[in-house]
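Report on the structure
Okay, here's what each chain looks like letter by letter:
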Amino acid sequence: MGDPYSTTFCLHVSYNLTAIHLLFTKCISSTLRSGRGIYILQQTLPTFFSTGLVSSLNTSAPASPYEHDEDTSIYSRNVRLVYRPPMPFPPPFPHVLQVEGLSLYLTSSVILRHTLNALYTDLRVELQHVRVHGPRTSSTSGLSTGPPHDGRAPHTQVENTRSIREKSLFVGISVRGTSRVSKAENGWEVNSTYTFSPVTGLIHLHSIDSIHPAPHQAFFDALQAALSKIGLGGTPGEGAGGMAQASPQSQSHYQNSVNRS
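Note that the structure is a prediction, hence the values are computed from the model and not measured.

What follows concerns the pairing of strand S4 (residues 167–179). The element S4 is largely enclosed, with a buried count of eleven among its 13 residues. Two elements, strand S3 (residues 120–133) and S4, share eleven bridges in a ladder whose sense is antiparallel. Bridging across to S4, Glu126 finds its partner in Ser174. Relative to strand S5 (residues 185–196), S4 runs antiparallel, the two being bridged by twelve bridges. The residue of S5 that forms the bridge with Ile173 is Val190. Here S4 folds back onto S5, and the loop between the two strands holds five residues, one of which, Lys183, carries a positive phi near 70°.

Laid out in structure tokens, this is it:
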């Protein structure tokens, strides 16, 4: 008859090794996905006005929320776009622009592309700065090598494990185009930060840090007209804190927008 203590010890070791293996596998998968996302953004952002937004390894086709596959996509289904301008947008736009969900995120990229193409010709994007920001290194973001002695709940260690895998990408782009009305060349410097989920390695937050110079009134007029066509042109304060909400009409018009692009 075997020693019950030895059996318990072996089971404990086996459980821990399995947990370590699963954690290691998730870390590798997350790292590979975030690396793929960085590569695809660098390769495809400069061709945005000719190819549209590309979200997967298939860089020849525009992104589609109806064919989301975490094995090939670089965006989370719950990706969120946030822009807090230094000066409030003119009515009826909210003070803080927020778009949540892959469908609306991709739809907004189509709307932006069509709006700018309606106002400008010879639109082009140039990458100016690309920087990868690694995991946080603060004292609250480390892994503990032993059991907690400070009264923290077990889930805190899980959050710390996620924190040390957190990664973001800073992208500075230059957008240039010729006005269809004045024939003068216009340009903007746009800085954004893409944050990758520490769990999946997919982009779950796209923050627009700055746009200089700020878009002029003609852009907002054209944007509002485009939004109204797909049922997203509302009044200030609609949704949660100005967050764009999907509607059946906006969903049904997405594919038509892609086909026309």
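Moving on from the model shown.
For Asp209, the position within the fold is in strand S6 (residues 203–212). Overall, Asp209 belongs to the partly exposed group, its relative accessible area being 38%. As a C-alpha pair, Asp209 and Asn191 span 18 residues in sequence and 5.3 Å in three-dimensional space. When near neighbours in sequence (up to four residues on either side) are disregarded, Asp209 contacts Phe170, Asn191, Ser192 and Thr193.

Looking now at the environment of Ser168. The topology assignment puts Ser168 in strand S4. Sequence-distant contacts of Ser168, defined by excluding residues within four places in its chain, comprise Arg131, Val132, His133, Thr193, Tyr194, Thr195 and Phe196.

All right, on to the nonpolar core then. Counting 41 residues, the largest nonpolar core has Leu41, Tyr75, Tyr105, Val175, Tyr194 and Ile203 as its most contacted members. Sorting elements by how many residues they give to this core places helix H3 (residues 102–119) first, with seven residues. With sequence-adjacent residues up to four places away left out, Ile203 is seen in contact with Leu41, Ile74, Tyr75, Ser76, Val79, Tyr194, Thr195 and Phe196.

Tracing the backbone through its elements, the reader meets Gln98 in strand S2 (residues 97–100). Of note is the side chain of Gln98, whose polar atom sits 3.4 Å from the side chain of Arg80.

Confidence in the prediction for the protein chain averages 75 pLDDT; 61% of positions are at 70 or higher. Note that pLDDT drops below 50 for residues 137–162; the model gives that stretch 18 contacts with residues more than four away or on any other chain. Scored below 50 in pLDDT, residues 234–255 makes 44 contacts in the model with residues more than four places away or belonging to other chains.

Rules behind the numbers
Residues numbered from 1 in each chain as written. Predicted model: local features only at pLDDT ≥ 70, side-chain atom pairs only at ≥ 80, totals over all residues. Heavy atoms only, no water. Buried < 20%, exposed > 50% of the residue type's maximum accessible area, 1.4 Å probe, protein only. Helix = DSSP H or I, 4+ residues; strand = E, 2+ residues; numbered from the N terminus. Pairing = 2+ DSSP bridges. Contact = heavy atoms within 4.5 Å. Core = buried A, V, L, I, M, F, W, Y, C linked by side-chain atoms within 4.5 Å. Polar contact = N/O pair within 3.5 Å; in protein donor to acceptor, adjacent residues only side chain to side chain. pLDDT = per-residue confidence, 0-100.

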